[in-house]
Amino acid sequence: KFLFNEDPQPINNLEVLDISDNETDIFNEDFNLLLINFWATWCSPCTKEMPSLNELQSKFDKNQLKIVTIATGRNNPNKIIDFFKKYNLTHLENYRDPKGKLALDLGVVGLPFSIIISRDKKDTARLIGPIDWSKKEVEDLFLELIMKQE
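As the structure is a prediction and not an experimental result, all values here were calculated from the model.

Cut-offs and rules
- Residues numbered from 1 in each chain as written.
- Predicted model: local features only at pLDDT ≥ 70, side-chain atom pairs only at ≥ 80, totals over all residues.
- Heavy atoms only, no water.
- Salt bridge = Lys/Arg side-chain N within 4 Å of Asp/Glu carboxyl O.
- Helix = DSSP H or I, 4+ residues; strand = E, 2+ residues; numbered from the N terminus.
- Core = buried A, V, L, I, M, F, W, Y, C linked by side-chain atoms within 4.5 Å.
- Buried < 20%, exposed > 50% of the residue type's maximum accessible area, 1.4 Å probe, protein only.
- Disulfide = S-S within 2.5 Å.
- Pairing = 2+ DSSP bridges.
- Axes fitted to C-alpha atoms, helices over the stretch in contact; angles between N-to-C directions.
- Contact = heavy atoms within 4.5 Å.
- Polar contact = N/O pair within 3.5 Å; in protein donor to acceptor, adjacent residues only side chain to side chain.
- Arc of directions from axis to C-beta.

Thoughts on the pattern of salt bridges
Phase 1 of the analysis: Scanning the entire structure with this criterion turns up 9 salt bridges.
Phase 2 of the analysis: Of the charged contacts, one joins Lys 136 and Asp 140 as a salt bridge, the two residues approaching to 2.8 Å between their closest N and O atoms. Of this pair, Lys 136 and Asp 140 both sit in helix 4 (residues 136-149), 4 residues apart, roughly one helical turn.
Phase 3 of the analysis: One network of salt bridges, with partners in common, ties together Glu 55, Lys 59 and Glu 139.

Right, dumping it as structure tokens:
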């Protein structure tokens, strides 16, 4: 389901808000591979796939594969916090894009929407729609991609 870019383009900016409304740039942290998942609390397919995304992150060290969730558009911060607590999503980093600016800049066309970014900050692959992130073939794909980054 992933659409890999033949000519990956650099991404210059990943500025978002953390859950306390502080501006932060996701690129300020170390990673070999970054997976960004755009979602919303009101998006049923988004919330359904989130536990499997959490499971995928639990299988990798965050400097190998860093998974970041970005609630885009109008999402009540308290609902986001409650959702993360309810499903025990302890392995995922949680950010907000309340005005949808980053989603627009990156060409997000629907939710959920995932982007794989390489260590050199290039848009490597995209996925539109939900998947079961806990499947063995997904884990194997990320292992292979991580090895290519090292």
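Right, picking up where we left off after that structure.
Focus on unusual backbone geometry
Phase 1 of the analysis: For the peptide bond that leads from Leu 111 to Pro 112, omega is -10 degrees, which places it in the cis range.
Phase 2 of the analysis: The phi angle at Asp 21 is positive, at roughly 70 degrees, despite the residue not being glycine.
Phase 3 of the analysis: As for its position among the elements, Asp 21 is in the loop between strand 2 (15-18) and strand 3 (23-25).
Phase 4 of the analysis: Positive phi outside glycine occurs at Lys 121, with the angle close to 65 degrees.

Considerations on the nonpolar core
Phase 1 of the analysis: Judged by nonpolar contacts, the single largest core of 28 residues is most densely connected at Leu 35, Leu 56, Leu 65, Trp 133 and Phe 142.
Phase 2 of the analysis: Those elements that provide at least two residues to this core are strand 4 (33-39), helix 1 (44-58), strand 5 (65-72), helix 2 (77-86), strand 8 (122-128) and helix 4.
Phase 3 of the analysis: Counting 19 residues, the second largest nonpolar core, distinct from the first, contains Ile 11, Tyr 95, Val 108 and Ile 115.

Digging into the state of the cysteines
Phase 1 of the analysis: Inspection of the entire model under this criterion finds 1 disulfide.
Phase 2 of the analysis: Two residues share a disulfide in this structure: Cys 43 and Cys 46, whose sulfurs sit 2.2 Å from each other. Taking the sign of the S-S torsion, about 75 degrees here, the bridge from Cys 43 to Cys 46 comes out right-handed.

Some points on the sheet that holds strand 3
Phase 1 of the analysis: Spatial ordering of the open sheet is given by 1-8-7-4-5-6-2-3, a layout of 8 strands whose pairing is mixed. Strand pairing shows two members of the sheet lacking a second neighbour, strand 1 (3-10) and strand 3, which therefore form its edges. Sheet twist, expressed as the mean angle between neighbouring strand axes with direction ignored, is 35 degrees.
Phase 2 of the analysis: Along the sheet face, helix 2 touches strand 4, strand 5 and strand 6 (93-97) and points at about 160 degrees away from the line of strand 6.

Looking at the side chain of Glu 93
Phase 1 of the analysis: Within the secondary structure, Glu 93 sits in strand 6.
Phase 2 of the analysis: Reaching out from Glu 93, the side chain makes a polar contact with the side chain of Lys 66 at a distance of 2.6 Å.
Phase 3 of the analysis: Here the side chain of Glu 93 touches Tyr 95 through a polar contact of 2.9 Å, side chain to side chain.

Describing helix 2
Phase 1 of the analysis: Here helix 2 has its buried residues at Ile 80, Phe 83 and Phe 84. Burial along helix 2 is one-sided: seen end-on, the buried residues are contained in an arc of 95 degrees. Of the exposed residues in helix 2, the ones pointing more than 90 degrees away from its buried face are Asn 78, Lys 79, Asp 82, Lys 85 and Lys 86.
Phase 2 of the analysis: Buried residues belonging to helix 2 abut strand 4, helix 1, strand 5 and strand 6.
Phase 3 of the analysis: Capping of helix 2 at its N-terminal end is provided by Asn 76; its side-chain oxygen lies 2.7 Å from the backbone amide nitrogen of Asn 78.
Phase 4 of the analysis: Within two residues after helix 2, Asn 88 carries a phi angle of roughly 55 degrees, on the positive side.

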